[in-house]
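# Tertiary structure, described
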Amino acid sequence: ANHHSLPSGNSITFVETKESKKWCLESTSLFSDNGGAVVQWCSIEFTNVQDKRTIYLYPPSGIYTTQSSSSSSAIIPNTIYLTCPTPTQQQPPPPKKTRHNEQLFRENKNILFLIQHPATVLLLLLNIGLAFHYWNQRINPSSVCKQYSKIVNRHEWWRGITGATAHFEPLHIGFNMMSLHTLGRELEGQYFGSINFLLYNGALVVMTTIVMMGMVYGRIWWYQRQSNNNNVGGGSGSNYDSKIVQLRETSSVGYSGVLFAWM
């Protein structure tokens, strides 16, 4: 039975038997002329109550009837009206942090990210999978990188894609993928949507390759012009020629160009 403490000499208790469920108030101090005898008043019996938690924890306000057939004193009433505080609406306490709950939270968070950002996940898997493949097969970076002489002179256009998605150092792939994860979480989830975000990334792979080739071409053209002017003037253009060769063979790999293009 649940027991609630009241002022000295009084108590209210939940009494449950097979026949009845009710709250009863017992008192020896409400009526001092009663000779110290215990007087008991009880509420109505509870039947078909849906919220059982409330009736077990909170005594109801209302009329309470004495349980004795006759009062030992005329000053003791047969019924009293009892006012009890009502239960307050409280938010349930947050679940305790346990290792199991934290693991479930992380798993649910990861699953939610997969569902809401499929394009970002696809790009992450593509870059990480290719990085592992290149490492596992001991692929030479020169065979997949962006290189002016091979893209422009040999027309190996596919290097624009393989070069952008190739990584050969742990720090390189790590920082790029962390940046892609953060970028995709913001842009794909809030602004562009999965399909548009994926298409924009593909377009930026092509555009950054074109921009890179155009910048290299511009520098080669400038050095070639300076070399020709020196030759006409009787000077040596060997210094410019070596720079031209170096520019033609300069290579790059990684998704950084696309990430910076987004910014």
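Values in this document were obtained by computation on a predicted structure and should not be read as measured data.

Check the secondary structure of the protein chain and you find nine helices and eight strands. Looking at the 263 residues of the protein chain, the share that counts as buried comes to 32%. Just so you have it, the protein chain exposes about 17,700 Å², and 59% of that area is on carbon and sulfur atoms.

The next point concerns the side chain of threonine 162. In this structure, threonine 162 sits in helix α5 (residues 159–164). Under the relative-accessibility criterion, threonine 162 is labelled buried at 18%. Here valine 144 takes part through its backbone oxygen, which lies 2.8 Å from a polar atom of the side chain of threonine 162. Apart from residues no more than four positions distant in its own chain, threonine 162 is found in contact with Tyr134 and Val144.

This part is about the pairing of strand β2 (residues 10–16). Burial of β2 is extensive: five of the seven residues sit out of reach of the surface. One ladder, built from seven bridges, connects β2 with strand β3 (residues 21–27); its direction is antiparallel. Directly across from isoleucine 12, in β3, lies its bridge partner leucine 25. Following β2, the chain reverses through four residues before pairing antiparallel with β3.

It is possible for side chains of opposite charge to pair when their charged atoms get near one another. Taken as a whole and judged by the stated rule, the model has one salt bridge. For glutamate 156, the salt bridge identified is with arginine 159, shortest N-O distance 2.5 Å. Grouping residues by exposure puts glutamate 156 and arginine 159 together as buried.

Rules used throughout
Residues numbered from 1 in each chain as written. Predicted model: local features only at pLDDT ≥ 70, side-chain atom pairs only at ≥ 80, totals over all residues. Heavy atoms only, no water. Helix = DSSP H or I, 4+ residues; strand = E, 2+ residues; numbered from the N terminus. Buried < 20%, exposed > 50% of the residue type's maximum accessible area, 1.4 Å probe, protein only. Areas by Shrake-Rupley, 256 points an atom, 1.4 Å probe, with all protein chains shown as cover. Polar contact = N/O pair within 3.5 Å; in protein donor to acceptor, adjacent residues only side chain to side chain. Contact = heavy atoms within 4.5 Å. Pairing = 2+ DSSP bridges. Salt bridge = Lys/Arg side-chain N within 4 Å of Asp/Glu carboxyl O.

The quantities given are spatial measurements derived from coordinates; they are silent on function.
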